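Remarks on the overall topology
Residue strings, one per chain:
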Amino acid sequence: MPATYINDQWVQQDQLGLGRAGDELARMSLEVNPPFTIGITGKWGCGKTSLMRRAFATLGGKPISQNLRLGQDKSELNQESLEQLNSLNHRLNGEKNRALNWTDALHETADQSLSIWYSPWQHQQADNPLIPLLQEIRAQYGVKRRLLEQGKQLNRQGGLAALTLIEHVIDAAISFTSGKPVKAAVGVSENVRKAWNENNPENLARPSDGQRFHLLFEDAVENLLDDLAELNTRKLNNQARLIVFIDDLDRCEEKAVVALLEAIKLYLGTSRCVFILGVDDVAVGDALKRHWQGRSDDNNREYLEKLFQATLPVPQPQPKQVRALILQQLESHGFPEDAREALANDIEALLEPNPRKVKNFLNSLCINWQMLRCKAMTEAENCRRLVMFQYLRVNHRPVWRLLEREPVLLQLLLRVFTDSTDPVDIDSKSLSTDELRLTREIFSRSFAHVLKHDDAKDMKLHRSQSLDAAVDKALERLDRRRSDQYFVEWMKQNVSPNESLPAMYLQITDTD
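So, here's what we can say about the structure.

Quick notes on the rules
- Residues numbered from 1 in each chain as written.
- Predicted model: local features only at pLDDT ≥ 70, side-chain atom pairs only at ≥ 80, totals over all residues.
- Heavy atoms only, no water.
- Buried < 20%, exposed > 50% of the residue type's maximum accessible area, 1.4 Å probe, protein only.
- Helix = DSSP H or I, 4+ residues; strand = E, 2+ residues; numbered from the N terminus.
- Pairing = 2+ DSSP bridges.
- Salt bridge = Lys/Arg side-chain N within 4 Å of Asp/Glu carboxyl O.
- Axes fitted to C-alpha atoms, helices over the stretch in contact; angles between N-to-C directions.
- Contact = heavy atoms within 4.5 Å.

1. Observations concerning the pairing of strand S9 (residues 242-246)
- Of all 5 residues making up S9, 5 are buried, and the element is well covered by its neighbours.
- Burial along S9 is two-sided: Leu242, Val244 and Ile246 and Ile243 and Phe245, pointing in opposite directions, are all buried.
- Bridge count between strand S6 (residues 114-118) and S9: 5 bridges; the pairing is parallel. Considered in S9, the bridge of Ser115 is made with Ile243.
- Looking at chain direction, S9 and strand S10 (residues 273-279) are connected through 5 bridges and run parallel.

Put into structure tokens, the structure is as follows:
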């Protein structure tokens, strides 16, 4: 049965026209000269994860899986999603994906590279976020190796040697947290062993010795990639690389944010490593400000600029794709055909083009339609009212709570919008004059930014904020003002002065 509600998970299908950006990110990760760190920036819900997952799939990245009992493997994706993921790979059944228009050299580099997906948000309680990242590299390397081993008679010594090295890197990282030294692994290349042993006659690594850790990690990455190349009976390409995708960093507490950024900057930036981080740069900037209290916004911005060699802002979704998604959902839930185009116009006007917000609104609208639908609701104008009242329910919750309790207050809301002092047709036993005055004040405050505007107050507020925070606030107000203005004008044109909020928008009525 096809899904009629849209979840907020990342998607393989290019629903909103961001696929090309993901493919270009994949290409860029192969063309840069490591060490290199790329920032994928955008606000909450804009599609950072979907864009990065698209690039991850194009590069041949594999979904996270877990070995279960009886030798089974459990993947984070079902079979249909796995097939969709594989269809984005730069190789399709061993042949080059012509749609990408890549050179043979890029395909060769992608074949020999290892892509890793890591979500620090799921590990932020770890004392050192570097450790679960290294463990994820080990686990996802093991998955790719098992896939390459299938159907082949192979000597597993190379894989064991590579795993030994990455295990020792993990042990060394643990020493940074615990303060306890670890021994250098047997099989470490001679130049690394020499550096590791320098000034350390007992063959112990000092926990604070970041330079030696850097060399050990570099050697481990070289061995991982070399082992995977041998499985394909090829010599390791000079351009082969470890590409690490890090998502949801901006959801972490400031301590975890700083610890991971510092680890990438100080310990993991090696000659075969590319890091791709999905971040809300304003949220990360705020985390840095809380962590390094007293440090200026300019210094925090410079810190991020030094970390990222390039930043890619997530493009806005294509309007025609957003509209297609809206119409698809209206159709799948049985909204009247003659109403859908007008409803799509309203939804586009009411919502900013944020994928998460669009999906959330559509899901909420559709479940209310299914629950409240009655004979009268099938009329196009009543469907439109459902959309408008759903906007009020979602974006002006205090107003909606009052209307739920006293539907006749819709008259008062209209009078606030028209700046009318005409009395409301309401029983004085329900609401006193003082209560009506208070309610009017609540309605006025909720829509103050479209009814009146205090530039002096805004200027004073903005001067107390950082420039980035002020811009964010201004954009938020712009989006809300545009949406609320559309709603206010609709109310003025379509709601009569003595109308109450109809019961069919509040409760289940007849289903005929």
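The structure having been displayed, the exposition proceeds.
2. As for the pattern of salt bridges
- What the rule picks out here adds up to 19 salt bridges.
- A salt bridge links Glu222 to Arg272, with the nearest nitrogen and oxygen atoms 2.7 Å apart. Placement of Glu222 in helix H8 (residues 210-231) and of Arg272 in the loop between helix H9 (254-268) and S10 is noted, with a sequence separation of 50 residues between them.
- Judged by relative accessible area, which is 9%, Arg272 ranks as buried.
- A network of salt bridges, in which partner residues are shared, links Glu24, Arg27 and Glu31.

3. Looking at the sheet that holds strand S1 (residues 36-41)
- Ordered in space as S6-S9-S10-S1-S11, the 5 strands form an open sheet in which the pairing is parallel. Each of the sheet's edge strands pairs with one partner strand only, and the pair in question is S6 and strand S11 (310-313). Recorded for the sheet is a direction-independent mean angle of 15° between the axes of neighbouring strands.
- In this structure, S1 lies alongside S10, joined through 6 bridges in parallel fashion. Within S10, the residue paired with Thr37 across the bridge is Phe275.
- Lying over the sheet, helix H1 (residues 19-31) contacts S1, S9, S10 and S11, oriented at roughly 165° with respect to S1.
- Sitting on the sheet, helix H5 (residues 130-149) is in contact with S6 and S9, with an inclination near 135° to S6.

4. A word on the pairing of S1
- The element S1 is largely enclosed, with a buried count of 6 among its 6 residues.
- Residue alternation in S1 divides its side chains into two sets, Phe36, Ile38 and Ile40 and Thr37, Gly39 and Thr41, and both sets are buried.
- Inspection of the sheet shows S1 paired to S11 by 4 bridges, in the parallel sense. Within the sheet, the bridge partner assigned to Gly39 lies in S11 and is Thr311.

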